[in-house]
Amino acid sequence: MTLALPTASARFLGLLARDLPPARLATDPRTLAAHAADRSGTRPDGLPLAVVHARRTTDVTVALRHAHALRVPVVPRGAGTGLSGGATAGEGALVLDLSGMDRIRELSVDDQLAVVEPGVVTADLDRAAAAHGLRYAPDPASAAWSTIGGNIATNAGGLRCAKYGVTRDSVLGLEAVLADGTVVRTGRRTVKGVTGYDLTALLTGSEGTLAVITSATLRLRPAPAATATLAAYFPTFEAAAEASYAIGRAGIVPALAELVDGPVLQAVDPSLRTRGAALLIVQCDGAGAAVEAAAVAELLAGTATSVETAEDPAEAEALLAARRLALPALERLGRPLIEDIAVPRSRLAEAAAEIRAISARHDVPVFTIAHAADGNLHPIVVVDPSLDRLPDAAWEAAGEIFALALRLGGTLTGEHGVGVLKRQWVAEELGPTAHALQRRIKEAFDPRGILNPGKAL
């Protein structure tokens, strides 16, 4: 027996069916279930009302115009690779699937920029740029399947953020649709520009709560003339963290500096764990890559148990494989609760030691990886996937880790976003005045509160 929909929901679906092209609207249970959760493992209550498979900006404006009028919550979604629950959609929500908006509209070699739709896969854009001697610098570990829109929504960081910054540093301008269906364009095509408030930066990292991004103008950079990659094993995670900080103190700015602890190495490949209790991967790029790498190798030699260098791209990727395979390896062990704190770089080793103590105190295994060059740690708790809810000990350990980050002068999230997993700690970091101001900004963009409600703030 099919249950009758509430009048408003039925009317909403009727309007969408009338105004959208055929096959854009889906309401079958299988599609709804596939679009209800993201990679965080968070499960919302119930299934969403419908999924709109957007292909053009007009699809988004139609969906939002009707949702705004009827006060239907809307959850924007890309590839669903988010790790904080930002793309989860529960009962009564409309999922706006943007993964089909996947065209690279323009790639300008002269201006070193690309104009792309939100469903473009990050690695695909980088490959397209490489054909012209350029690169898209942001390099999240999920680059092979995450989308540009999702990267912008969370202000994703990634492996190369040590030298090239996070996603925000590569976003020049946006086309976005406001909650009522109004299209707005922000930013510019120039590298510099300070006219008006920086709405582009505001929307980047807003987790779909202020507007739905339908196009992005992105900065490209020249591909480096050379790269050199080092893999150094250490007797302790803290020693590796101190070594990564020493690189910066020596005045060397690597393209990436990634840190993987012993438990993660064991999960990826037990043979790696026999080589040390932590792995630090450093990559230098540019014309002086080999010279910089040699200086880093000399610097690390004093405390590392071994250091190996690769200048061949294939060898370099082999060294990076342990980092890129970390999350898939942990997912094989159970359900990862993937935390994402950042601390001042000088306190990275202290944070690592405290996380180990928290793990022992709560008898909760914590696997840690880090973007070491900018103090961004991912302490990951892995729990039994058959459990309906996260164990209290896991939540208590996570809460102490967040408190640790704030106590050390850091932040709850460096790149994954708040989503639903970290909402209860947001007010503590922001403080009452800034928190209230951010809520007022949300109201200005989305007065009826339909865009990704219950997320971020």
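Model, not experiment: these values are computed from the prediction.

Take the overall build of the protein chain next. Helix and strand content of the protein chain: 17 helices and 19 strands. The globule rule puts the C-alpha radius of gyration for 457 residues at 23 Å, and the 22 Å found for the protein chain is close to it. In terms of its C-alpha atoms, the protein chain occupies a principal-axis envelope of roughly 70 × 55 × 45 Å. Relative to its full complement of 457 residues, the protein chain shows a buried share of 55%. Accessible surface, the protein chain as shown: approximately 19,100 Å² in total, 53% of it carbon and sulfur. Of the side chains in the protein chain, 44 bear a positive and 50 a negative charge, and the two mean positions are spaced by 6 Å.

A word on the sheet that holds strand β4 (residues 94-97). Pairing within the open sheet is mixed, and its four strands lie in the order β1-β2-β4-β3. The open sheet is flanked by β1 (25-26) and β3 (74-77), the only strands paired with a single partner. Where β1 and strand β2 (residues 50-53) come together, two bridges link them in antiparallel fashion. Paired with Ala26 across the two strands is Val51, which belongs to β2.

As a further point, take the packing of aromatic side chains. For the structure on display, the rule yields two aromatic pairs. Ring-pair connections join several aromatic residues into one group, and the members of that group are Trp395, Phe402 and Trp425.

What follows concerns unusual backbone geometry. Backbone geometry at Arg71 places phi at a positive 60°, although glycine is not the residue there. Position of Arg71 among the secondary structure elements: in the loop between α3 (57-70) and β3. Overall, the relative accessible area of 52% leaves Arg71 in the exposed class. With a phi close to 55°, Glu207 is a non-glycine residue in the positive phi region.

Now for empty space enclosed by the protein. The full count for this structure, using the stated rule, is one cavity of 30 Å³ or more. Estimates place the volume of the largest cavity at around 790 Å³. Together, 49 residues line the largest cavity, and Thr81, Gly82, Leu83, Gly150 and Thr154 are the ones closest to its centre. For the lining of the largest cavity, the elements supplying multiple residues, two or more each, are β3, α5 (148-154), β10 (212-219), α12 (313-324), α13 (326-331), β18 (366-371) and β19 (376-383). Of all the elements, α5 adds the most residues to the lining of the largest cavity, at five residues.

Definitions and limits used
Residues numbered from 1 in each chain as written. Predicted model: local features only at pLDDT ≥ 70, side-chain atom pairs only at ≥ 80, totals over all residues. Heavy atoms only, no water. Helix = DSSP H or I, 4+ residues; strand = E, 2+ residues; numbered from the N terminus. Rg over C-alpha atoms; globule rule 2.2 N^0.38 Å. Buried < 20%, exposed > 50% of the residue type's maximum accessible area, 1.4 Å probe, protein only. Areas by Shrake-Rupley, 256 points an atom, 1.4 Å probe, with all protein chains shown as cover. Lys, Arg positive; Asp, Glu negative; His and termini not counted. Charge placed at Lys NZ, Arg CZ, Asp CG, Glu CD. Pairing = 2+ DSSP bridges. Phe/Tyr/Trp six-rings, centres within 6.5 Å; stacked < 30°, edge-to-face > 60°. 1 Å grid on protein atoms, 1.4 Å probe; cavity = no way out; pocket = protein on both sides within 12 Å on 5 of 7 lines; lining within 4 Å. Points joined across faces, edges and corners; volume = space filled by probe spheres on them.

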